[in-house]
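# Results of the structural survey
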Amino acid sequence: MNVILSALVPVSFIIAIGIVAGRTLSLERSTLSQLAVYILTPALIASSLYETTLSSDSTFGLILGYLIVSLCVFAIAQSLGKLLKLPSRSQKSLIASSVFANTGNMGLPFVTFALGEAGLERAIICLIISSLVIFSTGPGLLQGGGWKESLRLTIKLPLIWAIMAGLLLRFFSIQLPLRLDDGLELLGGAAIPIALIVLGIQLSATRFQLGLYEGLTAVIRLLVAPAIAYGVGHVLELDTLDAQVLILQSAMPTAVNTVVLITQFGGDASRAARTVVVSTVMSLATLPLILWLSLLL
C-alpha cells in the first residue's frame, strides 16, 4: 500500500497544482507545452540514454513488447469502431485515443515514484517508442495517405534528435566537458513536474463528460491494454521489472497529443478531448490497481 500511495499521491498533488494554476493564473498552456516537448523532455531522454545501465535485452524486449501491445489495441479499437458503426471521423478518433498513451506526462512520473530510477530508465524506452508511434502513424491514420507528413513530423520531432544524441554519446563513450552532463541532467529533471503541471492545466480547461464513447475508449486504454501487456510480457519472458514497466506504461490514459493531431489532421477533436479528461481522471483509480497487480509478479 505504501508503494501505491507513494506513486499516486505525488503525481496527483502536482496535477492538482496544475489545475489550480490553470484556473487562477493567466498561464500560456501552449508555451509550457512547447517548453516540455522541445526542451525538457528531450534533455531528460538524452541524459538518460547517456547514463543508462539498461541492457540490450531489456531494451529490445520493451521495444518489441510495446509495439505488440500497440498493434493489439489498434486491432481492438478498429473492430469496435466498425461494430458500433461509428462515422469515419469518430472511428479514427477512437483508434487514436485508444492507441496513443500518455507515457510521458503521466507515465514517467508515475513509474518513477513507483519503481525508482531503474523503472524510469525502462519507462523512457516506452516513451520513445510511444512517441514514434504517435508521430509516425498519427497523421497518416487521421488524414489518410499522409505518410510524407508523418515522416516530416517525425524528423522535426526533438525527441528523435535527443535519442540520436544520447545514443551517440553512449556508444562512443564521449565524456562531456565542463560538467555539461550535469547541466543536461538538471534540465531533464524539470521535465516531469512541468509535464504534470501542463496536464493539470489541460484538465482545468476541459469539461468532464462520460458517455459510451469516452467510457469504452477509457476501458480499452486503462484496463484492456495493460491486460494485453501482461500477456505479452509473459510470452516474451521479460524480466520482472521490465514487465512491470511495460504493464504500467500500457495502462496510462490517452495522450494529450492525440487532441493536437486530431485537430490538425482530422477526426472528432471534441470527443478526443473529453476522452483525454475522462481517461486521466479514471486512471487515478485504475493505476493503483494495476500497480498493485504488477507488484505481485
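Residues numbered from 1 in each chain as written. Predicted model: local features only at pLDDT ≥ 70, side-chain atom pairs only at ≥ 80, totals over all residues. Heavy atoms only, no water.

Condition: UniProt positions are given in the numbering used here, feature names are shortened, and annotations may be inferred rather than shown by experiment.
The name given to the chain in an unreviewed UniProt entry is AEC family transporter, with Roseofilum casamattae BLCC-M143 as the source organism. Within the UniProt record for the chain, the comment given under Sequence similarities (unreviewed entry) is "Belongs to the auxin efflux carrier (TC 2.A.69) family." We quote the UniProt Subcellular location (unreviewed entry) comment for the chain here in full: "Cell membrane".

### Quick word on the overall build of the chain
For clarity, the threshold we go by: Secondary structure elements follow DSSP: runs of H or I of four or more residues count as helices, runs of E of two or more count as strands, with numbering from the N terminus. Atoms considered for the radius of gyration are the C-alpha atoms alone. The globule rule reads 2.2 Å times the number of residues to the power 0.38. Only protein chains enter the accessibility calculation, which uses a 1.4 Å probe; a residue whose area is less than 20% of its type maximum is buried, one above 50% is exposed, and one in between is partly exposed. Note on definitions: a residue-residue contact is assigned when non-hydrogen atoms from the two residues lie within 4.5 Å.
Counting its secondary structure elements, the chain contains 13 helices and zero strands. Taken from N to C terminus, the helices and strands of the chain fall in the order α-α-α-α-α-α-α-α-α-α-α-α-α. Expected size for 297 residues packed as a compact globule is a radius of gyration near 19 Å; at 18 Å, the chain falls within 12% of this value. Along the first, second and third principal axes, the C-alpha atoms of the chain reach 60 × 50 × 45 Å. Burial statistics for the chain: of 297 residues in total, 52% are counted as buried. A fraction of 85% describes how many contacts in the chain between residues 6 or more apart in sequence connect residues 24 or more apart.

### Looking at the packing of aromatic side chains
Worth spelling out the cut-off: Centres within 6.5 Å are what make two rings of Phe, Tyr or Trp a pair, Trp counting through its six-membered ring; a difference in plane orientation under 30 degrees is then read as stacked, over 60 as edge-to-face, and the rest as tilted. In this scheme, Lys NZ or Arg CZ marks a charge over a ring once it lies within 6 Å of the ring centre and within 35 degrees of the ring normal.
Inspection of the entire model under this criterion finds one aromatic pair. Judged by centre distance (5.0 Å) and plane angle (90°), the ring pair of Phe171 and Phe172 falls under edge-to-face. With respect to class, Phe171 is no different from Phe172; both count as exposed. Sitting over the ring of Tyr213, Arg271 keeps its end group 4.7 Å from the ring centre.

### Focus: helix 2 (residues 29-51)
This is how the line gets drawn: To estimate how far a helix should reach, multiply one less than its number of residues by 1.5 Å. Bend, at a single residue, is the angle you get between axes fitted to the 7 residues ending at that residue and the 7 residues starting at it.
Here helix 2 spans 31 Å end to end across 23 residues, near enough to the 33 Å set by a 1.5 Å rise per residue. The largest bend in helix 2 comes to about 40°, at Ala36. Turning to helix 2, its buried residues number three or more, namely Ala36, Leu40, Thr41, Pro42, Ala43, Leu44, Ile45, Ala46, Ser47, Ser48, Leu49 and Tyr50.

### Thoughts on the pattern of salt bridges
Cut-off, in case you're wondering: Think of a salt bridge as a Lys or Arg side-chain nitrogen and an Asp or Glu carboxyl oxygen that are within 4 Å of each other.
One pass over the structure, following the stated rule, counts three salt bridges. Among the ionic pairs, Arg122 bridges to Asp242, the shortest N-O distance being 2.5 Å. Of the two residues, Arg122 is situated in helix 5 (residues 103-143) and Asp242 in helix 11 (residues 240-250); the sequence distance between them amounts to 120 residues. Using a relative accessible area of 14% as the deciding quantity, one classes Arg122 as buried.

### Remarks on the side chain of Asp242
Our working rule: Here a polar contact means two N or O atoms within 3.5 Å. Within protein one must be a hydrogen donor candidate and the other an acceptor candidate, and residues neighboring in sequence count only if both atoms are side-chain atoms.
Since its relative accessible area comes to 2%, Asp242 is described here as buried. A polar atom in the side chain of Asp242 sits 2.8 Å from the side chain of Ser58. Leaving out residues up to four positions away in the same chain, Asp242 has contacts with Ser58, Leu62 and Arg122.

### Comments concerning the packing of helix 2 against helix 8 (residues 180-189)
The geometry of a pair of packed helices is captured by two quantities: the angle between their axes and the separation between those axes. Our working definition: The axes used here are C-alpha line fits, helices contributing only the stretch in contact, and every angle between their N-to-C directions lies in the interval 0 to 180 degrees. Every angle not falling under 35 degrees, over 145, or within 65 to 115 is termed oblique; those three ranges are roughly parallel, roughly antiparallel and roughly perpendicular. Rotating anticlockwise by less than a right angle from the far helix to the near helix defines a left-handed crossing, while the corresponding clockwise rotation defines a right-handed one. In this classification, Asp, Glu, Lys and Arg are treated as charged, Ala, Val, Leu, Ile, Met, Phe, Trp, Tyr, Cys and Pro as nonpolar, and every other residue, Gly included, as polar.
Taken N-terminus to C-terminus, the directions of helix 2 and helix 8 make an angle of 130°; their axes are 7 Å apart at the nearest point. Classified by the angle between their axes, helix 2 and helix 8 sit oblique to one another. When you trace helix 2 past helix 8, the crossing you get is left-handed. Together, Ile39, Leu40, Ala43, Leu44, Ala46, Ser47, Tyr50 and Glu51 of helix 2 and Asp181, Leu184, Glu185, Leu187 and Gly188 of helix 8 make up the contact between the two elements. Class assignment of the residues belonging to the contact of helix 2 with helix 8 gives a composition of eight nonpolar, two polar and three charged.

### Thoughts on a nonpolar patch on the surface
Here is the rule we go by: Patches draw on residues past 30% relative accessible area with no salt bridge. Two like charges within 9 Å are joined, as are two nonpolar side chains (Val, Leu, Ile, Met, Phe, Trp, Tyr) within 5 Å. For every accessible area listed, the method is Shrake-Rupley and the probe measures 1.4 Å; residues are considered covered only by the protein chains on display.
Taken together, the side chains of Leu35, Val37, Tyr38, Ile39 and Leu187 present a nonpolar region at the surface, about 410 Å² in accessible area. For the nonpolar patch, the element with the highest residue contribution is helix 2, accounting for four residues. Position of Val37 relative to the elements: it lies in helix 2. The class for Val37 is partly exposed, based on a relative accessible area of 35%.

### Regarding the nonpolar core
What counts here: As used here, the term nonpolar core means buried Ala, Val, Leu, Ile, Met, Phe, Trp, Tyr and Cys residues forming a set that is joined through side-chain atoms within 4.5 Å.
The biggest cluster of nonpolar side chains holds 75 residues, and the ones touching the most others in it are Ile45, Phe100, Leu108 and Phe110. Looking at which element gives the most residues to this core, the answer is helix 5, with 17 residues. Residue contacts for Ile45: discarding those within four places in its chain leaves Ile124, Leu127, Ile128, Leu159 and Ile163.

### Description of the state of the cysteines
This is how it is decided: Disulfides are defined in this document as cysteine sulfur pairs within 2.5 Å.
Under the criterion given, the structure shown has zero disulfides. Counting only cysteine sulfurs, Cys126 is the nearest neighbor of Cys72, a cysteine outside any disulfide, at a range of 15 Å. Cys126 gets classed as buried once you look at its relative accessible area, which sits at 1%.

### Some remarks on the packing of helix 10 (residues 212-235) against helix 11
Packing of helix 10 against helix 11 brings their axes to within 7 Å, and their N-to-C directions diverge by 160°. Viewed along their axes, helix 10 and helix 11 adopt a mutual orientation that is roughly antiparallel. The two elements helix 10 and helix 11 meet at a crossing, and its hand is right-handed. Packed against helix 10, whose contacting residues are Arg221, Ala225, Pro226, Ala229, Tyr230, Val232 and Gly233, the element helix 11 presents Leu246, Ile247, Gln249 and Ser250 at the interface. Residue composition of the contact of helix 10 with helix 11, grouped by class: seven nonpolar, three polar and one charged.

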